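Given next are the chains, with one letter for each unit.
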Amino acid sequence: MTDSEQYVVATDVSTVSLTDLRSEDADLAAAIAKGFGNGPDCLGIIIVKDLDEKFSRLRSRLLRLASVFADLPEDAKAAVTHTDSSYLFGWSHGKELMDGKPDFAKGSYYNNPVIDDPADPDFAKNFPAYGFPNVWPKELPELKEAFLELGRYVTDVGILLAGHCDRYVSSAFPDLPQNLLKGPIRDSKIHKARLLHYFPMSEEELKSTEGKLGSWCGIHIDHSMLTGLTSAMFIDAKDPSYSELNITNTEVAEALKVAGLYIRSRSSQLVKVLIPKNCLAFQIGEASQVASRGLLVATPHLVRGGAAANIARNTFAVFLQPNVDHKLTPEKTFDDLTAEVMKRHY
């Protein structure tokens, strides 16, 4: 991949309604094949539309708080930095690498979106990335409720989608478990959510990243079963109220038109995918690819920065993954897959 590589904007992303996901009678096989299948035009993503007003309220509340938290004093943020989990609980900033260098362009707030405190010290000792109690800032107490409420909402929608994926996989491989994805996701104790804050750039910083495809998040494949994503919220860093920018404004839209999610399609085309404001997107992960014998296929993707100074970008990702000892195949557990992924990246 080169920074000058051309891309296209997706115009026909596989989309399903929340009403259909809730219906056991709805036949979503075509939508799942189009979004998550192994065909040359598949993008590994499905948009869920027609969400209720609750989702809109939960999204707005949490994504705004990402900027509020990022502006807290450094000692307040340091207090929720969790070294024992390798920064996979609480605040992580400058701990991840981008192009071999510490990544200070974004900060992440990690926690379990479903279980606030697993109350299992032995599990935490053996699996520190998953087993600790969640970490919350005392200076921003409302973050806890906002994070967990949206996290549980996204998880519940993901469980519904997983059930329809199971029906699709079972039609091709009737010997596989009928609850191939839904059961492990529903019963998991190790889901991980990530509240992302991409810091506003100055004019000088913006020029140094101009044209770089991975200027916010490098290309990668999720190793979860499903990853739920909200649309991004853009905030003017100079606005003390942290209000969401209207991206339909001509000037703002022009500055941010290259910002967002890019996916490498099965046919190697780089495709920009737009997530509508009041929708959720779900990407299929490598754990599902392994479990489904390659019928569902994960796609490489990245996030690209926009050509706008002093604008922050906030979003929320929920990684729905099975318990560490869950067998994706008779020979491979999710923990085995995680170890393989870590070796590839580190």
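Description of the structure in this document. Keep in mind it's a predicted model, so treat the numbers as computed, not measured. (Residues numbered from 1 in each chain as written. Predicted model: local features only at pLDDT ≥ 70, side-chain atom pairs only at ≥ 80, totals over all residues. Heavy atoms only, no water.)

**Overview of the overall build of the protein**
Which entries qualify depends on this criterion: Strands are runs of DSSP state E lasting at least two residues, helices are runs of H or I lasting at least four, and both sets are numbered from the N terminus onward. Here the radius of gyration uses the C-alpha set of atoms, whereas the globule reference equals 2.2 Å times the residue count to the power 0.38. Only protein chains enter the calculation, and the probe is 1.4 Å; a residue is then buried if its accessible area is under 20% of its type maximum, exposed if over 50%, and partly exposed in between. Residues are treated as being in contact if the distance between any of their heavy atoms lies within 4.5 Å. A positive count includes Lys and Arg, and a negative count includes Asp and Glu. His and the chain ends are not counted in either. Charge coordinates come from a single atom per side chain, which is NZ of Lys, CZ of Arg, CG of Asp or CD of Glu.
Scanning the protein from N- to C-terminus turns up 11 helices and 18 strands. In terms of overall size, the protein behaves like a compact globule, its C-alpha atoms giving a radius of gyration of 19 Å where 346 residues would be expected to give roughly 20 Å. Oriented by its inertia axes, the alpha-carbon framework of the protein measures out at about 55 × 50 × 40 Å. Taking all 346 residues of the protein together, 53% fall into the buried category. Across the protein, every contact between residues at least 6 apart in sequence was considered, and the portion connecting residues at least 24 apart equals 77%. With 37 positive and 46 negative side-chain charges, the protein shows a separation of 1 Å between the mean positions of the two kinds.

**Some words on unusual backbone geometry**
Notably, S86 is not glycine yet its phi reads approximately 60 degrees, a positive angle. If you trace the backbone, S86 turns up in the loop between α4 (74-78) and β4 (90-93). Here S86 falls in the exposed class, since its relative accessible area comes to 54%. The phi torsion at A119 lies on the positive side, around 50 degrees, for a residue other than glycine. Inspection of the secondary structure puts A119 in the loop between β7 (106-111) and α5 (121-126).

**Description of the nonpolar core**
Note the following rule: We define a nonpolar core as any set of buried Ala, Val, Leu, Ile, Met, Phe, Trp, Tyr and Cys residues linked to one another through side-chain atoms lying within 4.5 Å.
Formed by 76 residues in total, the largest nonpolar core has its most connected members in F36, Y109 and F282. Of all the elements, helix α6 (residues 142-172) adds the most residues to this core, at 14 residues. Counting 15 residues, the second largest nonpolar core, distinct from the first, contains A10, V271, V273 and A317.

**As for the packing of helix α2 (residues 29-36) against α6**
What counts here: To obtain an axis, a line is fitted to C-alpha atoms, over the contacting stretch when the element is a helix, and the angle between two such axes runs from 0 to 180 degrees between their N-to-C directions. Angle categories: roughly parallel below 35 degrees, roughly antiparallel above 145, roughly perpendicular from 65 to 115, and oblique for all the rest. Residue polarity is assigned by list, with Asp, Glu, Lys and Arg as charged and Ala, Val, Leu, Ile, Met, Phe, Trp, Tyr, Cys and Pro as nonpolar; anything else, Gly included, falls into the polar class.
Taken N-terminus to C-terminus, the directions of α2 and α6 make an angle of 95 degrees; their axes are 9 Å apart at the nearest point. Relative to α6, the element α2 is oriented roughly perpendicular. Each of A29, I32, A33 and F36 in α2 lies in contact with α6, whose residues at this interface are L161, H164, C165 and Y168. Its residues placed into classes, the contact of α2 with α6 shows seven nonpolar, one polar and no charged.

**Points about the pairing of strand β12 (residues 260-264)**
The side chains of a regular strand alternate between both faces of the sheet. Put simply, the rule is: DSSP bridges decide pairing: two strands pair if at least two such bridges lie between them.
β12 sits mainly inside the fold: five of its five residues count as buried. As paired elements, β12 and strand β13 (residues 270-273) share four bridges and run antiparallel to each other. Following the sheet pairing, I263 is matched in β13 by V271. Where β12 folds back onto β13 in an antiparallel hairpin, the turn is made up of five residues, including S268, whose phi is positive at roughly 75 degrees.

**A look at the pairing of β13**
Alternating residues of β13 divide into L270 and K272 and V271 and V273, and every residue in both groups is buried. Relative to β13, strand β1 (residues 8-9) runs parallel, the two sharing two bridges. Among the inter-strand pairings, V8 is bridged to a residue of β13, identified as V271.

**Describing the packing of aromatic side chains**
As a reminder, the rule being used: Side-chain rings of Phe, Tyr and Trp, where Trp is taken by its six-membered ring, are said to pair if the distance between their centres is within 6.5 Å; with planes under 30 degrees apart they count as stacked, over 60 as edge-to-face, and otherwise as tilted. Whether a charge sits over a ring comes down to the Lys NZ or Arg CZ being within 6 Å of the ring centre and within 35 degrees of the ring normal.
This model, assessed by the stated rule, comprises 10 aromatic pairs. A ring pair is formed by W136 and F147, whose centres lie 5.4 Å apart and whose planes are at 75 degrees; its orientation type is edge-to-face. Taken together, the residues W136 in the loop between α5 and α6 and F147 in helix α6 connect sequence positions 11 residues apart. The structure contains a cluster of three or more aromatic residues connected by ring pairs, namely F69, W91, Y109, W136, F147, F199 and F316. We note K192 situated over the ring of F89; from NZ or CZ to the ring centre the distance is 3.5 Å. Above the ring of F173, the side-chain terminus of R293 is found at 5.1 Å from the ring centroid.

Geometric descriptors of this kind do not, in isolation, establish any biological role.
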